[in-house]
Amino acid sequence: MDSATVNPQAEHDSAKHHHVSLPQHRHHFETEEQQREAGSFGMWLFLLTEIMFFGGMFFAYLLYRNWYYDAFVAASNTLNVKMGAANTAILITSGFFMALGVWAAEVRKKNLLVLFLILTTVFGCAFLGVKYFEYKEKFELHHVPGNSFDVSQFINPPLNAQGNATRPPLPPDMAQKTQLFFFLYFAMTGMHALHMIIGIVLLFWLMGRAQRGEFTEGYVAPIENFGLYWHFVDIVWIFLFPLLYLINLHPLAH
Amino acid sequence: MGISPVLWQFLVKWLNASALFPREASTIAPYMDALYFFLLGMTVTGVILVGAIVTTFSLRYRKSKSPVATQIEGSTLLEATWTIIPLGIFLVAFVWGALLYFRIYTPPINSMNIYIVGKQWMWKAEHPGGQHEINALHVPTGQPIQLTMISQDVFHSFSIPEFRIKREVIPGRYSTVWFQATTPGEYHLFCTQYCGTNHSVMIGTITVLSPSDYKKWTEESTSGMSLAQNGERLFASMGCNACHSGNAAARGPNLAAVYGSKLQLTNGSSVLVNEAYLRDAILNPSQHVTAGYAPIMPTYQGQISEDGLIDIVEYLKTLNTNYRVQQTLTTSQSDQAAPPASGVVKP
Amino acid sequence: MKEHDNSILRLPDQATAQVPKKNFITAEDGLMSWLLTGDHKRIAMLYLFSITFFFFIGGAFAGLIRLELLTPMPDLVASDTYNKLFTMHGVIMVFLFLVPSVPATLGNFLIPIMLGARDLAFPKINLLSWYLYIIGGTLTLTALVLGGVDTGWTFTTPLSTHYLNTHVVTTATAIFIAGFSSIFTGLNFIVTIHRMRCPGMTWFRMPLFVWAHYAASILMVLGTPVLAIAIVLVALERTIGIGVFDPTKGGDPLLFQHLFWFYSHPAVYIMILPGMGVISEVISTFSRKRVFGYTAVAFSSVAIALFGFFVWEHHMFIMGVSNYSALVFSLLTMLVAVPSAIKIFNWAFTLQKGSITFETPMLYAFGFMGLFTIGGLTGVFLGSLGMDIQLTETYFIVAHFHFVMVGGMLMAFLSGVHFWWPKMTGRMYPEALSKLAAVVTFIGFNLTFLPQFILGYLGMPRRYHSYPPEFQILNVMSTAGATVLGIGYLMPVIYLAWSLKYGAVAGDNPWQATGLEWQIQSPPLTENFTEIPIMDHEAYDYEWLEHKTAHEVTTVG
């Protein structure tokens, strides 16, 4: 078993002469390509763990929606679909700007990159702002699970101008189950919002580094990988919105 | 059983006498023990086999006897052998175990039903005749006994090792297990699911009596009303008879002979009415609305204990006509329906 | 260097040999250089000290448990205290010892070197992993000091959510944080194995140790987040009380069981697979032979990981799950048992036509094979539905998992620590004393846990503080064994510490093993390799090694 291969060390040395090493090159990696691929792979794996994490709550949602469908319908219909839809549009726009930011980094346009990062952040904050108003409204309506939860509006729904019930009343035991819906609503959107807050903090950090020109000299990995994370957060919302807000809504049938 | 009954008896008695093996006190115990000995044999064989291979090779190929190793890649034949043979044995264990499992968890039709309510940290047994026991259970030999069990608080587990039965006792739904005792005597009852501080003392005694002794015991220890009688009382005092009066225009469906029937629900499905269904219908009525009726039944969640639910379920099991329902309608203590659940949830 | 007939140990001439002056330990000085290191080897050493610390705390609790169980009466401690003892024993041993043990110490140290890389893919995240572990461990100790938690390590609801007022949320948070330590370690390993193998290192030239860690890392990355969400829900249920597990509010306590066991079953494979990786290396080295059926063993590791995700309901067979779902999970459980059997036979046949010596790592490996066989086969008892009814929730289960975890995993860990001790420290441990410790451990272990199988079939429930008097003799045997076992575990700590200063100088390759880690100095340089190697031979290529040593000049450190 002889080692009959050519020593590539010489080849490597000559390759090095033509290659300018970026300052961000970590020396436990042989090449920058290896570093970039490792970083990207690592981020995808991390996102996989996030899917498993959210997955637990989606499973609980699956179970309880199946068991208590009527309660879920009634509770879901109290959510503000307009705000939810607006948030969906806001978040998609934010993702769009993030994608533009990645492009700007790749074509080495520093000012554009910073602009797009700022826009991503602005829309991200707008999302959180709308969420704040939604949560506030929920709190006022006594939809927050726990001691202040009020089932009476599901048992005796409020009447509209004509004196008809705005939604079918629920029997008391089914009305109780609306608390489960709201718990899942707050847990899932809350966990999502937490991930957005973390993302926004990271955005500020990236903005600072981008302003110093760190990402427009060929080293785009952090922007790319953060982009992956941001798009993932976006996708989670794309799932949450219809599952939470749009249960049994028939906009064309009235 | 395949092996000589004499040898079997000897094995079991000897092992039992040396306190290394529990007594066989139920009809299913020999079946369980047979599977156990099969698996034990499999394990001993496996360990001896692996031990023999390792020891033989270690001695034969130790360095002083085998200074140079021969590099061997592998052998597909051997790989196949030790994949297929263990798989085959494990599948035998699977099939055998599955058959036994279905047997233990499928009560025979003619079982006598006894209710068990577990709570921190004691067992309550309720015989249909009204006998109540705490941390004890008297049963006759020669009669299949089904235990319908529920917890009032956390998970417990009802275990009688010498009968070879065990089942989790869960809050919120009934679980069942059955056995038929073979030998009079006293046997351990354990709670085997960790349930808090006094988990270790949530134990009791199962007393198996001959059928005549059991009959004597039931007569001596009756506390007055049977479960069904108590249930009838609750049915009236909680106002159930107001809607379930059995009249043609009644707001609630007729409950006479409903137990064991197949019921059509408003959502189109049809269910078999058993104890679990009845309990759930009382606590979550809106999901169990009989076809043709409005979902107006209030929930009794939080207003009736598990014992009360057992009483009512027993009552409904015995209800064949609405005669006494009508009677108690006019003579019941309260002529008001049970108050509907109030709007704000009590914390 | 003398040629011994019963040892392959080749130490350099002790009169002139020295531990190399430049190595990863001497590279930098000062506490901060250790606490802020990115060097995977230093992080491995940090982990080694931390997990040993937690092991002995968990072990102390085990000692107290066995002491209490000497008598049938609950006379040593109060019931609440006893419940806290077994809970903390379980939490510490599972989450702070077993899960990180081999991966975080040996895996961290060896995987980059075995692959021919300078470090793991993400050194900073590696350090973060250790800090998360320390924070999780500290929080656990905080919960302990504040009064402890008594939910059992399984946090069964509704007991843990509604019926206890001990420090559940603190402990749940601690486990949540420690879980991320595990996730990041697994993530690091997967990326490293995929992207940082040296030239020529194809997948099937990697040592089986790496394959085992790859499989375990998949489990860590995919399974642990589900535990995280399960305990977040428990914490939320405790603090806000919304009823997700409360049947009176429409919730389902069985939902928690599904979420918890979805992780906790793969967790046991996370714990055992790296140990199996160690056994592959040790058996190969001390038989001077390639592992029999390399491909089969590699694929078995991955098969265990994949199948391991689909058997969780076997922890819930008697909990009122549908009989038909129980059928499915029982069948899958039987399937997952097969790859482990394949591995045991492959290791056994590695011995055939080898040249076998019986140094301490090999003794531990033999112990592993016997005890893991028993432990694994008793798992088949539990996977068989009807048998599980009698055996579940009794001491049979306790005996089963201690056989696989302690008789299996812990023996493998000790085997690995002894095997790679000379590589990590440059020093050799004392062979006679270590052999004695291995034998003491083996005897103590069997005496402790074999009686528990019998107790289990007799019906003695687990987590019991007091028990019927007829169970006493077996319990006394078990406690006696535990004492012996404790001695067997204390011995290595003492003599390994001793060897750091007084042990023989080991040299690069005292075991004459293949594997890239044995071709560099002991202890290694910080950057592992002066130049990245090219892998031009198969794994476990003893002929290549012979050819190499015949031609090489012995390097001086």
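It should be emphasised that the depicted structure is a prediction, and the values quoted were computed from it without experimental measurement.

As a further point, take the overall build of chain A. On a plain count of helices and strands, chain A comes out with 9 helices and 0 strands. The N-to-C order of helical and strand elements in chain A reads α-α-α-α-α-α-α-α-α. A buried classification covers 36% of the 254 residues belonging to chain A. Contacts in chain A between residues far apart in sequence, at least 24 positions, make up 77% of those at least 6 positions apart.

Right, let's get into the overall build of chain C. In terms of regular secondary structure, chain C is built from 17 helices and 0 strands. Against the compact-globule benchmark of 24 Å for 557 residues, chain C has a radius of gyration of 23 Å, which places it among compact chains. Across its three principal axes, chain C shows a C-alpha extent of roughly 75 × 45 × 45 Å. Across chain C, every contact between residues at least 6 apart in sequence was considered, and the portion connecting residues at least 24 apart equals 86%.

Attention shifts here to the interface of chain C and chain B. At the interface, 78 residues of chain C touch 78 residues of chain B. Every element with two or more residues in the side of chain C that touches chain B is listed here: α3 (79-98), α9 (253-287), α10 (294-308), α11 (323-350), α12 (360-383), α13 (385-391), α15 (431-458) and α17 (542-551) of chain C. The biggest single contributor to the side of chain C that touches chain B is α11 of chain C, with 14 residues. By residue class, the composition of the side of chain C that touches chain B is 42 nonpolar, 26 polar and 10 charged.

All names here are of chain B. Taken in spatial order, the 5 strands line up as β3-β2-β1-β5-β8 in an open sheet, and their pairing is mixed. Only two strands of the sheet have a single partner each, and these edge strands are β3 (132-134) and β8 (175-179). Taken over all neighbouring pairs, the strand axes of this sheet differ in orientation by 25° on average, direction set aside.

Here we take up the packing of helix α4 (residues 101-115) of chain C against α9 of chain C. All names here are of chain C. At their nearest, the axes of α4 and α9 sit 8 Å apart, and the two run at 45° to each other. Classified by the interaxial angle, the pair formed by α4 and α9 is oblique. Two packed elements cross with a definite hand, and for α4 against α9 that hand is left-handed. Contacts between α4 and α9 pair Val-102, Pro-103, Leu-106 and Gly-107 from the former with Pro-274, Gly-275 and Val-278 from the latter.

As a further point, take the packing of α10 of chain C against α11 of chain C. Residue and element names in this part refer to chain C. Direction vectors running N to C along α10 and α11 enclose 155°, while the axes themselves pass 9 Å from each other. Considering their axes alone, α10 and α11 lie roughly antiparallel with respect to each other. Remark: the crossing between α10 and α11 carries left-handed chirality. The segment α10 lies against α11, with Ala-296, Val-297, Ser-300, Ala-303, Ile-304, Phe-307 and Gly-308 engaging Leu-332, Leu-335, Val-336, Pro-339, Ser-340, Ile-342, Lys-343 and Asn-346. Considered class by class, the residues forming the contact of α10 with α11 number 10 nonpolar, 4 polar and 1 charged.

Moving on: the confidence of the model for chain C. When pLDDT is averaged along chain C, the result is 94; 98% of the residues meet or exceed 70. Per the prediction output, this complex has pTM 0.91; the corresponding ipTM is 0.93.

Residues and elements named next belong to chain B. By the criterion of burial, strand β1 (residues 112-119) is predominantly enclosed, with 7 of the 8 residues buried. Note: β1 against strand β5 (residues 145-151), 7 bridges, orientation parallel. In the sheet register, Met-112 faces β5, and the bridge partner there is Ile-145. Between β1 and strand β2 (residues 122-126), which pair antiparallel one after the other, the connecting turn spans 2 residues.

Residues and elements named next belong to chain B. One open sheet holds the 5 strands; their spatial order is β4-β10-β9-β6-β7, and the pairing between them is mixed. At either end of the open sheet lies a strand with only one pairing partner, and these are β4 (136-140) and β7 (165-169). Here the average twist between neighbouring strands, direction ignored, is 20°. Seen against the sheet, helix α4 (residues 211-220) touches β4 and β10 (204-209) and runs at an angle of roughly 130° to β4.

Residue and element names in this part refer to chain B. Here β1 pairs with β2 via 5 bridges, running antiparallel. Its bridge partner being in β2, Lys-119 is matched across the sheet by Met-122. Judged from the 3 bridges that link them, β2 and β3 form a sheet pairing that is antiparallel. Residue pairing across strands places Ala-125 opposite Glu-133, the latter belonging to β3.

Contacts between the two partners involve 32 residues from chain A and, on the opposite side, 42 residues from chain C. Those elements giving two or more residues to the side of chain A that touches chain C turn out to be α1 (8-17), α2 (32-67) and α8 (178-211) of chain A. When residues in the side of chain A that touches chain C are grouped by element, the largest group, 16 residues, is from α2 of chain A. Of the residues assigned to the side of chain A that touches chain C, the class counts are 17 nonpolar, 12 polar and 3 charged.

Moving on to the confidence of the model for chain A. Residues at a pLDDT of 70 or more form 90% of chain A, whose mean pLDDT is 86. This model gives residues 1-18 of chain A a pLDDT under 50, and the stretch forms 11 contacts once residues within four places in sequence are excluded.

Right, let's talk about the nonpolar core for a bit. In this structure, Leu-184 of chain A, Ile-116 of chain B together with Ala-230, Leu-273 and Met-409 of chain C are the most contacted members of the largest nonpolar core, which totals 342 residues. With residues up to four places along the chain from it excluded, the contact list for Ile-116 of chain B reads Trp-123, Ala-125, Leu-147, Met-149, Phe-158 and Val-169 of chain B.

In this section: the environment of Asn-346 of chain C. Residue and element names in this part refer to chain C. Structurally, the position occupied by Asn-346 is in helix α11. A C-alpha to C-alpha distance of 8.2 Å links Asn-346 and Ala-296, two positions 50 residues apart in sequence. Contact partners of Asn-346, with chain neighbours within four places excluded, come to Val-291, Phe-292, Gly-293, Ala-296 and Val-297.

The end-to-end C-alpha distance of helix α5 (residues 123-145) of chain C is 33 Å, a good match for the 33 Å that 23 residues give at a rise of 1.5 Å each. Immediately beyond the C-terminal end of α5 of chain C, within one or two residues, lies Gly-147 of chain C, with a positive phi of roughly 140°.

Cut-offs applied
- Residues numbered from 1 in each chain as written.
- Chains lettered and ligands numbered in written order.
- Predicted model: local features only at pLDDT ≥ 70, side-chain atom pairs only at ≥ 80, totals over all residues.
- Helix = DSSP H or I, 4+ residues; strand = E, 2+ residues; numbered from the N terminus.
- Buried ≥ 20, exposed ≤ 12 C-beta atoms within 10 Å, placed from the backbone.
- Contact = placed C-beta atoms within 7 Å.
- Rg over C-alpha atoms; globule rule 2.2 N^0.38 Å.
- Nonpolar A, V, L, I, M, F, W, Y, C, P; charged D, E, K, R; others polar.
- Pairing = 2+ DSSP bridges.
- Axes fitted to C-alpha atoms, helices over the stretch in contact; angles between N-to-C directions.
- Parallel < 35°, antiparallel > 145°, perpendicular 65-115°, else oblique.
- Left-handed = near helix turned anticlockwise from the far one by under 90°.
- pLDDT = per-residue confidence, 0-100.
- Core = buried A, V, L, I, M, F, W, Y, C linked by C-beta atoms within 7 Å.
- Expected span 1.5 Å × (residues − 1).

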